[in-house]
Amino acid sequence: MLENHKIWIIFLFLLVLTGCSTEDTTPKSHDASKATNGGELVISSVREPDTLDVQKTTWVDNANVHLFDYLIGRDMDGSIIPGLVKDYTIADDGKSWTFHLRENVKFHSGEELTAESVKASMERFIKQSPVNFLAGPITGVEASDKSTLIVNFSEPYAPFIAGLTSIYLSPLDPAALKSEGDKFGNKPSGTGPLLFEKWIRGDSITFVKNEQYNWGPDDAENKGGTNVDKVVFRFIKDENTRMLEFNQGNIQIMLDVPPSSVKTLENTSGVQLHKLLDNGLTYLAINNDKPLFQDPKVRKAINLAIDRNQIVQYAMEGYAKPMYGPLSPTIPGYSEKVEKMAEQMYTRNVEQAKQLLHGAGWSNVNGNGVLVKEGKQLSIELLLTDEPVMQRIAQILQNQLKEVGIDLRITVQDDSTIRTNESKKMHDLILWQYGWSDPDILYILFGKDIPTRLFSTPELEELLIKGRQTMDEKARMAVYEKVQELLVTESPWVPLFARERITAYRDIEGFKVNPYKKIVIQDIKLKKQQ
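Residues numbered from 1 in each chain as written. Predicted model: local features only at pLDDT ≥ 70, side-chain atom pairs only at ≥ 80, totals over all residues. Heavy atoms only, no water.

A. Spatial organisation of the overall build of the chain. The helix and strand tally for the chain stands at 15 helices and 24 strands. In terms of C-alpha radius of gyration, the chain reaches 24 Å, essentially the compact-globule figure of 24 Å for 530 residues. Its C-alpha atoms give the chain principal-axis dimensions of roughly 75 × 60 × 40 Å. Put simply, the chain has 530 residues, and 59% of those count as buried. Partitioning the intrachain contacts of the chain with sequence separation of at least 6 by distance along the chain shows that 73% fall at a separation of at least 24. For the chain, the exposed area adds up to about 20,800 Å²; of that, 46% sits on carbon and sulfur atoms. Charge centroids of the chain, computed over 61 positive and 72 negative side chains, lie 2 Å from each other. (Helix = DSSP H or I, 4+ residues; strand = E, 2+ residues; numbered from the N terminus. Rg over C-alpha atoms; globule rule 2.2 N^0.38 Å. Buried < 20%, exposed > 50% of the residue type's maximum accessible area, 1.4 Å probe, protein only. Contact = heavy atoms within 4.5 Å. Areas by Shrake-Rupley, 256 points an atom, 1.4 Å probe, with all protein chains shown as cover. Lys, Arg positive; Asp, Glu negative; His and termini not counted. Charge placed at Lys NZ, Arg CZ, Asp CG, Glu CD.)

Put into structure tokens, the structure is as follows:
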């Protein structure tokens, strides 16, 4: 059994497609089909991975995780369960973690999983991953024997468990790393239930069953390889095309159902829906390095100008929860007290927003509704991806900000371009989203050594570091409540809503989603008409 150390270390991860509250609908009619092994499972996804090398990306989801196994898992309720690590202990000072690996696990190349191979993967992650800060202040990784790994830190690091339950720290196949080098993402290989077959950029990624797999996690009923022979992820952004392909039976699982199609699918015979509240938020990232946003009156005016309820109602068709504070309700450390405080401070108030902008020196001197200061109009650029729902949100934001005298210019860019602009601090606002199930997400967004951090003060930096170093759960959550209060007071960004992730599926059996990880792909079977 995996040892659950007395310091309850919460959380974890998953960028996107994670959450806690789940709901399944029931079939609308009798299904006269039978589940069988074999066949090809097709899943549609809005977002195509930038790479299949999970140590070179900031984004992981169902399309790039099934090649790998988690070192440590979480069950459906969030409790720690064994993964490739069968048990672990933490030293009393919190600075040394010892892991014992499962035996008889093999990479896709046939090489055996060992402590040395896990060490090599972890060191590669620390050296090159854009999210290597998830590993914390590691001073060294040791393979003390074939199946024992020891990780040492310079100081206690509570969020390490979050990294271990993410795919970022999953072991990569040493043979593939040696043969592919920096091009590992073109021919990725791990220990997971699926093997990479091919990637047609802009269209699809195809995986095939790992016939050798027999070390499935505890949250899967089937511990062996997938029941289906092949899994194809098709990347379709256009909502109408996705619906057409799904309705024609060319797709069995549709991720991120368009909000406008939910009611139709709820009344479609043979279709089931799975709903999951995100472990994260959609928000407006403000570039606080720019002089305009260094005035708290401007930041607070933007917050007060926005009606979250209207966005949820019209852009999300009600399938989201308006949010005012920093953490989603599904993330440990969420504070109802802080959320109410934030709602009281930032429920839409157009007149108060105008007064704040006037106090910051902006006035309507041209008579065209756009405020001006020192001859310059209050015009702000908003970056967003081409996801249709994000574009609808942007249009609502544009109209709401116009009412207080702000001209919002909407610019659609691809994901990688936005990230480049963000890293170079070339943006004004970004319509962005995060997903994680540990309050350390606030360090990832605002931490001292994070290149894209949104905002910082000495007090915020001190609290965020304290949150990482505090191993006692109750004391740690108290630290994060202070962090949330400070962020609400300073208003360095605009939380908007927690999205309800809705997945539609048909013609399959055994579908389920681990709220802390992903679709449990091993249990799915295709159904054929009798």
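B. Focus on the sheet that holds strand 8 (residues 138-145). Read from one edge to the other, the open sheet built from four strands follows the order 6-7-9-8, with strand pairing classed as antiparallel. The open sheet has two edge strands, strand 6 (85-90) and strand 8, and neither has a second partner. Each neighbouring strand pair of the sheet contributes to a mean axis angle of 20°, computed without reference to strand direction. With six bridges joining them, strand 8 and strand 9 (residues 148-153) adopt antiparallel strand pairing. Bridge assignment links D145 to a residue of strand 9, and that residue is T148. Here helix 2 (residues 115-128) sits on the sheet in contact with strand 7 (96-101), strand 8 and strand 9, set at roughly 165° to strand 8. (Pairing = 2+ DSSP bridges. Axes fitted to C-alpha atoms, helices over the stretch in contact; angles between N-to-C directions.)

C. How the structure looks around the pattern of salt bridges. If you walk through the whole model with that rule in mind, you get 23 salt bridges. One salt bridge connects E490 with R299, and the closest N-O pair in it is separated by 3.5 Å. Taken as a pair, E490 in helix 15 (residues 473-490) and R299 in helix 7 (residues 296-305) lie far apart in primary sequence, 191 residues in all. Look at R299 and you get buried, because its relative accessible area is 3%. Counted as one network, the salt bridges with shared partners bring together R47, D415 and R419. (Salt bridge = Lys/Arg side-chain N within 4 Å of Asp/Glu carboxyl O.)

D. Broad picture of the layout of surface pockets. By volume, the largest pocket amounts to about 1,200 Å³. R47, T58, D415, R419 and W432 are the residues nearest the centre of the largest pocket, which is lined by 50 residues in total. For the lining of the largest pocket, the elements supplying multiple residues, two or more each, are helix 12 (415-423), strand 21 (429-435), helix 13 (441-446) and strand 22 (493-505). Among the elements that line the lining of the largest pocket, the one with the most residues is helix 12, at six residues. Lining the second largest pocket are 15 residues, with P291, L292, W362, K376 and L378 positioned closest to its centre. (1 Å grid on protein atoms, 1.4 Å probe; cavity = no way out; pocket = protein on both sides within 12 Å on 5 of 7 lines; lining within 4 Å. Points joined across faces, edges and corners; volume = space filled by probe spheres on them.)

E. Layout of unusual backbone geometry. At D256, a residue that is not glycine, the phi angle is positive and equals roughly 50°. Looking at the secondary structure, you find D256 in the loop between strand 13 (253-254) and helix 6 (262-266). At E374, a position not held by glycine, the phi torsion is positive, near 50°. The topology assignment puts E374 in the loop between strand 17 (372-373) and strand 18 (376-377).

F. The arrangement of the pairing of strand 19 (residues 379-384) in detail. As judged from the six bridges shared by strand 19 and strand 20 (residues 407-412), these two strands associate in the parallel manner. Note that in strand 20 the partner of L384 across the bridge is V412. Note: strand 19 against strand 21, two bridges, orientation parallel. Among the inter-strand pairings, L383 is bridged to a residue of strand 21, identified as I430.

G. Molecular detail of helix 2. Helix length check: helix 2 (14 residues) gives 20 Å between terminal C-alpha atoms against 20 Å at 1.5 Å per residue, within 8%. Within helix 2 the residues assigned to the buried category are A115, S117, V118, K119, S121, M122, R124 and F125. Elements that come into contact with the buried residues of helix 2 comprise strand 7, strand 8, strand 9, helix 3 (160-164) and helix 4 (174-180). (Expected span 1.5 Å × (residues − 1).)

H. Seen up close, the packing of aromatic side chains. One pass over the full model with this rule turns up 16 aromatic pairs. Seen from their ring centres, F153 and F160 are 4.9 Å apart, and the 70° between their planes marks the pair as edge-to-face. The two residues F153 and F160 agree in class, both being buried. Taking the centre distance of 6.3 Å and the plane angle of 45° together, the rings of Y157 and F160 count as tilted. F160 gets classed as buried once you look at its relative accessible area, which sits at 0%. One aromatic cluster is present, built from ring pairs that chain together Y88, W97, F99, F153, Y157 and F160. (Phe/Tyr/Trp six-rings, centres within 6.5 Å; stacked < 30°, edge-to-face > 60°.)

By themselves, these are just geometric observations and shouldn't be taken as functional.
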